[in-house]
Amino acid sequence: MNEALAQLPPLIANHVLLAAAAMALALLIGLPLGLLAARRPRLAAVAVGFAGLVQTIPGLALLALFYPLLLALSALLGGGVPALGFLPALLALTLYALLPILRNVVAGLQGIDPAVLQAADAVGMTPAQRLRLVEAPLAAPVAMAGIRTAAVWTIGAATLATTVGYPSLGNPIFAGLQIERWDLVLAGCVAAAGLALVTDALLGLIERGIGRRDPRRSFTGLALLFLGLALACLPLLQGAQRSVTIGAKNFSEQYVLARLIGLRLERAGYRVTYREGLGSAVAFRALASGDIDVYVEYSGTLWTGAMGRSDTPPRAAMLDGIAHWMAAGPKTALIGPLGFENAYALAVRPGSGLTSIADLAAQAPRLTLGADLEFLDRPEWRAIRDAYGLRFNATRAYSPTFMYRALQSGQADVISAFSSDGRIAADRLTLLSDRKEAMPHYDAILLAAPARAHDARFLAALRPLVNRIHVEDMREANYSVDRDQAKATPEQAAAWLDARTRR
Amino acid sequence: MDFREETGARMADLALAFEQVSRRYAGVAAVDAVSLTVGRGSFVALVGSSGSGKSTLLRLANRLDAPDEGRVLVDGQDIAQADAIRLRRGIGYVFQNIGLFPHMSVAENIGIIPRLEGRASADVGAALAQVGLAADLATRLPAQLSGGQQQRVGIARALAGGGRLLLMDEPFGALDPVTRDTLGRTVRELHETLGLTTILVTHDMAEALLLADRILVMADGRIVADATPHEMLNGQAGPEADALVAIPRAQARRLADLGDE
C-alpha cells in the first residue's frame, strides 16, 4: 500500500491540473453562453440540448472520439496538433462540464423575479449595471450549484484521461484492475474521491458565502481553493526537467516490461516516468509523435495494424520489413526483438480433446469464444476465421484477466490467449496449433521514438535486452503478477526478470 | 411677449405632456392618440378598469415603454431625444410588485440611484423617516419587512434619486385596507412637503377621489373624463366617470344603512 501511495503525488498534480483547466475553460464558455441563452430562449434550447446530448455519450467514448477528430484536425493544419495526452482529455472534460454550468446559469437568470428586473430598469440601471448589481448576485447561488456539480463530475471523469495517455489518478485504477492489485485501485479511487469531496466542500463554502451575502466566507473558500490547486500542482515543478517516458499497453506483461526498461534506463542515469494503460493503436501513435520515448510492441500488431499488411511472412523477413518501413515512414527505431513471442493463440481447457484450430472448427458452432477487448476487431481474427471457417455459437469480450476466469468458470469454451501468458502453464491450458500458419508472428520488439532513434547513450542502455528474454521467463514473470496468491508487483517481477536476463 | 415665447414658457411649467401618443401591441391600441398635459405640482389619479391602458400610459413617461406615434415631454423636453438611463434616474417609479432588490439591505435599496450615478449615498435615516419608517430598519433585508414597510422603502428608493416627478402604478394594490389608507396619506403628505408632481394609477375610484386634485378616467386607450374630485362627485364628468363614482358611493350608502339598522 505504501508503494501505491508513493506514486500518487505526481498523478494528483496532473489530475488536478487537467480538471482545473477543463473547469476554467468550461466556465469561460459556459458563463457568457448562459448569459446570452437566458435572454434568447431559442439559443437556450439549442445550447442546453447540445450539452445534454454530449452528456449522454459515455465519458470513455467521448475521450476516444477526440482522438480521430484531433488526428484529422492535425492533418488539416499540416500537423502539430497533439491527438493524445492533455488536449483530447481537456476538450472532452470541458464538454462534459458544460451542461451543469450552462443549465444552472440559465435557470438562475430565468428564475429572477420579473418585478426585480423591472425595478432595476426603473431606477435607471444600464444593462451592465443590471447584470453586475442584480442579475449576477441573484443567479449566483443556482449557478454555483451547477459549478459544484460540474467540478465533481470533472474530477471523477478525469480518471479516464489515462486511456488517452494523459497521466491521472486513473493510472493506478486501470493498472490495478489489470493486474488485480486492489490496493492500487483503492488508492486511485480514494484519492479521486477525496479531491472531489474537498473541492465540493470549498465550492460549497463559496456558494453559502454568496447566498448569505457574506463575502468573507466566499473569499476564504476561493483562497483555499487556489491554495489547494497550487499545493497539488507543486510536484509538477520537479517533474519539469526532461525525463524519459516509457509507454505500456494495458496488460501485465507490458507493465512488467515497462518497469524492466525503466530499471535499465535509471541505471544509465535517466529520470523515468511511465504512461501506462495505452490502447494498442494509441501506443504506436504516441511513440511516433514523441509522447512516449520507448515501449514494447509486437511485430504482428504493427504489421497488420499501422503497416496495413495482410501477408504472413517468416519471422526474420517480418522484422526486416518493419525496420525498413520505420526508417522510411514514421522515423521511429526498431531497437531489436526481446527474444520471445506473445502471439495470439486459441486456448481451451485441459481435457477438451482438441489439439488444433482445424479440430475446433468442427465443434465451434456449439462453443462460446471469449476474446480480449480488441481481438474480435483485429485482422488476425478475420485471418484465422476465414482460413478455418470458424463460426462460434457466441462471442464475448473481456479484459485479459477476466478472460482467463471466464474460461475456467465455463462462461467461455475457447479464448484468445497470449502465448507468453503465465496462466497458460498455471491453468494447464492447451494451445491449439495453427497448421495453416494463418496468424502472423508476434515477436516482442523494443521500439524508440524518433528523437531517440540516434541517441547512442539511450540505445546502449537498452540493447542488452535484445534477444535476452526467454518465453518461459516471461511467462513466469507474468504469472507472478497475475496469480491470485502471493502476487508480485510489476517492479518485483521486473527485478526478477532483470536478474534472469543478465545471467 | 409674443405667442411663441408664451407657449415656450407654458411648456416649461408643465411637468409632463403627451402629444397624440399611441402605443399598440399586436395591432391593438393600448394607448390611442392621447394628448394630455400635467402641471407642475399637481396630483393626478389615472383611473380605469384593467386593460384600459393606464399602466402603459405611465410607462411611456419614463421610457420603460416607447410610443409608436406622438411625443412625450418631461419638463418641456422630448424624452425620445433624452438618454433613457438618465431620465429614469430622475423620475420616481413605484409599482404594485414593489421590486425591492432582495439581496440588498433597506439602506442599499434606498441608496441605489445615487450609487448608480457614483454620488455619495443618500441620508438613509432621513429617507426612512420621510416615509414613516424607523432608522433601525436600514440594515434589514426586504424579506424581513411587512408588505406595507416594503412599499414604503420602495417609495423612499424612488424619491432618493432627487426627482420631482413621481409615477405610481397601483402602489397599494397588494396591501391590506388599513395599510392602504395610511400609506395613501403618507404619499399625499410627501407630495405636499416635497412639492412633487404625482401621477397615481389606480382602479379604485375612492382612493383617487380622496388623494388626487385631478382625476383622469381611461377606457380603451383613451381619456374619457378629466375632472376634479368635486366635479366627479357632482356628476359633471360624463357617464364613464359617473359609473365609476357610483360604486364607492353605493358602498358608502349601504354601510351607512347597515349602521342605522
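Conventions we followed
Residues numbered from 1 in each chain as written. Chains lettered and ligands numbered in written order. Predicted model: local features only at pLDDT ≥ 70, side-chain atom pairs only at ≥ 80, totals over all residues. Heavy atoms only, no water. Helix = DSSP H or I, 4+ residues; strand = E, 2+ residues; numbered from the N terminus. Contact = heavy atoms within 4.5 Å. Areas by Shrake-Rupley, 256 points an atom, 1.4 Å probe, with all protein chains shown as cover. Salt bridge = Lys/Arg side-chain N within 4 Å of Asp/Glu carboxyl O. Nonpolar A, V, L, I, M, F, W, Y, C, P; charged D, E, K, R; others polar. Axes fitted to C-alpha atoms, helices over the stretch in contact; angles between N-to-C directions. Left-handed = near helix turned anticlockwise from the far one by under 90°. 1 Å grid on protein atoms, 1.4 Å probe; cavity = no way out; pocket = protein on both sides within 12 Å on 5 of 7 lines; lining within 4 Å. Points joined across faces, edges and corners; volume = space filled by probe spheres on them. pLDDT = per-residue confidence, 0-100. Buried < 20%, exposed > 50% of the residue type's maximum accessible area, 1.4 Å probe, protein only. Polar contact = N/O pair within 3.5 Å; in protein donor to acceptor, adjacent residues only side chain to side chain. Pairing = 2+ DSSP bridges. Expected span 1.5 Å × (residues − 1). Arc of directions from axis to C-beta. Core = buried A, V, L, I, M, F, W, Y, C linked by side-chain atoms within 4.5 Å.

Colleague: How would you sum up the overall build of chain B? Please name residues and give values.
Modeller: Within chain B, the secondary structure is distributed over 11 helices and 10 strands. Taking the intrachain contacts of chain B between residues at least 6 apart in sequence as the baseline, contacts between residues at least 24 apart amount to 67%. Summing over all exposed atoms, chain B offers an accessible surface of approximately 12200 Å²; the carbon and sulfur share of this is 50%.

Colleague: So what's going on with the interface of chain A and chain B? Which residues, and what values?
Modeller: On the side of chain B, 24 residues touch chain A, which itself brings 17 residues to the contact. Here chain A is connected to chain B by zero salt bridges. Sorting the residues of the side of chain A that touches chain B by element identifies α6 (114-122) and α7 (127-157) of chain A as the ones contributing at least two each. When residues in the side of chain A that touches chain B are grouped by element, the largest group, seven residues, is from α6(A). By residue class, the composition of the side of chain A that touches chain B is 11 nonpolar, four polar and two charged.

Colleague: Run through the packing of helix α2 (residues 8-39) of chain A against helix α5 (residues 86-110) of chain A, naming residues and quoting values.
Modeller: Interaxial distance between α2(A) and α5(A) falls to 6 Å at its minimum, and their mutual angle equals 35°. As for how α2(A) packs across α5(A), the hand of that crossing is right-handed.

Colleague: Could you give me a rundown of empty space enclosed by the protein, with the residues and numbers involved?
Modeller: In this structure the tally under the stated criterion is four cavities of 30 Å³ or more. In this model, the largest cavity occupies a volume close to 90 Å³. In terms of lining, the largest cavity is formed by Phe251(A), Ser252(A), Glu253(A), Asn342(A), Pro400(A), Phe418(A), Ser420(A), Asp421(A), Arg423(A), Asn478(A) and Asp482(A). If you list the elements that add at least two residues to the lining of the largest cavity, you get α11 (252-267) and α20 (471-482) of chain A. Taken together, the residues of the lining of the largest cavity sort by class into three nonpolar, four polar and four charged. The computed volume of the second largest cavity comes to approximately 60 Å³. Taken together, Ala119(A), Ala122(A), Val123(A), Ile91(B), Gly92(B), Tyr93(B), Ile113(B), Gly154(B), Arg157(B) and Ala158(B) form the lining of the second largest cavity.

Colleague: Explain the confidence of the model for chain B to me, using residue names and the numbers behind them.
Modeller: Residues and elements named next belong to chain B. Looking at chain B, pLDDT values average 88 and 95% of them are 70 or higher. Confidence drops under pLDDT 50 across residues 1-6; counting only partners more than four residues distant or on other chains, this segment forms one contact. Under the prediction, the complex receives an ipTM of 0.88, its pTM being 0.68.

Colleague: Give me the lowdown on the environment of Ile155(B), citing residues and values where you can.
Modeller: Residue and element names in this part refer to chain B. Checked against the element boundaries, Ile155 lands in helix α7 (residues 147-159). What makes Ile155 buried here is its relative accessible area of 2%. On a C-alpha basis, the gap between Ile155 and Pro171 in space is 9.0 Å, while along the polypeptide they are 16 residues apart. Ignoring anything within four residues of it in the chain, the contact list for Ile155 reads Val94, Val131, Met168, Leu183, Val187 and Leu190.

Colleague: Tell me about the side chain of Glu297(A), and name the residues and values.
Modeller: All names here are of chain A. Structurally, Glu297 is set in strand β3 (residues 294-298). Glu297 gets classed as buried once you look at its relative accessible area, which sits at 1%. One polar contact links Glu297 to Lys249, side chain to side chain, over a distance of 2.6 Å. Residue contacts for Glu297: discarding those within four places in its chain leaves Lys249, Ser280, Phe284, Leu302, Asp443, Ala444, Ile445 and Leu447.

Colleague: Give me the lowdown on unusual backbone geometry, citing residues and values where you can.
Modeller: All names here are of chain B. At Ala26, a residue that is not glycine, the phi angle is positive and equals roughly 50°. One can find Ala26 in the loop between β1 (14-25) and β2 (28-39). Judged by its relative accessible area of 87%, Ala26 falls in the exposed class.

Colleague: How would you sum up the sheet that holds strand β9 (residues 430-431) of chain A? Please name residues and give values.
Modeller: Residue and element names in this part refer to chain A. Within the open sheet, the five strands sit side by side as β7-β6-β8-β5-β9. Their pairing is mixed. In this open sheet, the two edge strands, each paired with only one partner strand, are β7 (394-398) and β9. As paired elements, strand β6 (residues 368-372) and β7 share five bridges and run parallel to each other. What sits directly across from Asp372, in β7, is Tyr398. Each of β5 (344-348), β6, β7 and β8 (414-418) is contacted by helix α17 (residues 400-409), which is oriented at about 140° to β8, the strand it contacts most.

Colleague: Lay out the environment of Glu240(B) with the relevant residues and their values.
Modeller: Residues and elements named next belong to chain B. As for its placement among the helices and strands, Glu240 is situated in helix α11 (residues 239-260). Its relative accessible area of 36% is what places Glu240 among the partly exposed residues. A C-alpha to C-alpha distance of 8.9 Å links Glu240 and Met218, two positions 22 residues apart in sequence. Once residues lying within four places of it in the same chain are set aside, the contact partners of Glu240 are Val217 and Val224.

Colleague: How would you sum up helix α14 (residues 315-328) of chain A? Please name residues and give values.
Modeller: Because each turn of an α-helix spans 3.6 residues, side chains separated by three or four positions in sequence point in the same direction. Residues and elements named next belong to chain A. Helix length check: α14 (14 residues) gives 20 Å between terminal C-alpha atoms against 20 Å at 1.5 Å per residue, within 8%. Looking at α14, one finds that the buried residues are Met318, Leu319, Ile322 and Met326. Down the axis of α14, the buried set is contained in an arc of 100°. They therefore lie on one face. With respect to the buried face of α14, the exposed residues turned more than 90 degrees away are Ala316, His324 and Ala328. Structurally, α14 contributes buried residues whose contacts are with α12 (280-288), α13 (299-304), β4 (333-341) and β10 (443-448).

Colleague: Any details on the confidence of the model for chain A? Residues and values, ideally.
Modeller: On average, chain A scores 85 in pLDDT, and the residues at 70 or more come to 97%. Here helix α1 (residues 2-6) of chain A stands out as the element of chain A with the lowest mean pLDDT, 65, in contrast to α6(A), whose mean of 93 is the highest.

Colleague: Run through the sheet that holds strand β10 (residues 222-227) of chain B, naming residues and quoting values.
Modeller: Residue and element names in this part refer to chain B. In space, the six strands of this open sheet follow the order β6-β7-β8-β3-β9-β10, with mixed pairing throughout. The sheet terminates laterally at β6 (91-95) and β10, the two strands that pair on one side only. Along the sheet, successive strands turn relative to each other by an average axial angle of 15°, direction set aside. Sheet analysis places strand β9 (residues 214-219) next to β10, joined by five bridges and oriented antiparallel. Residue pairing for β10: Leu216 is matched across the bridge by Asp226.

Colleague: Can you lay out the nonpolar core for me, pointing to particular residues and giving the numbers?
Modeller: The biggest cluster of nonpolar side chains holds 71 residues, and the ones touching the most others in it are Leu265(A), Leu346(A) and Leu390(A). Looking at which element gives the most residues to this core, the answer is α11(A), with six residues. Those residues in contact with Leu390(A) that sit more than four places away from it in its chain are Leu346(A), Ile357(A), Leu360(A), Ala361(A), Ala364(A), Trp381(A), Ile384(A) and Arg385(A). Counting 59 residues, the second largest nonpolar core, distinct from the first, contains Ala38(A), Leu98(A), Ala120(A) and Leu16(B).

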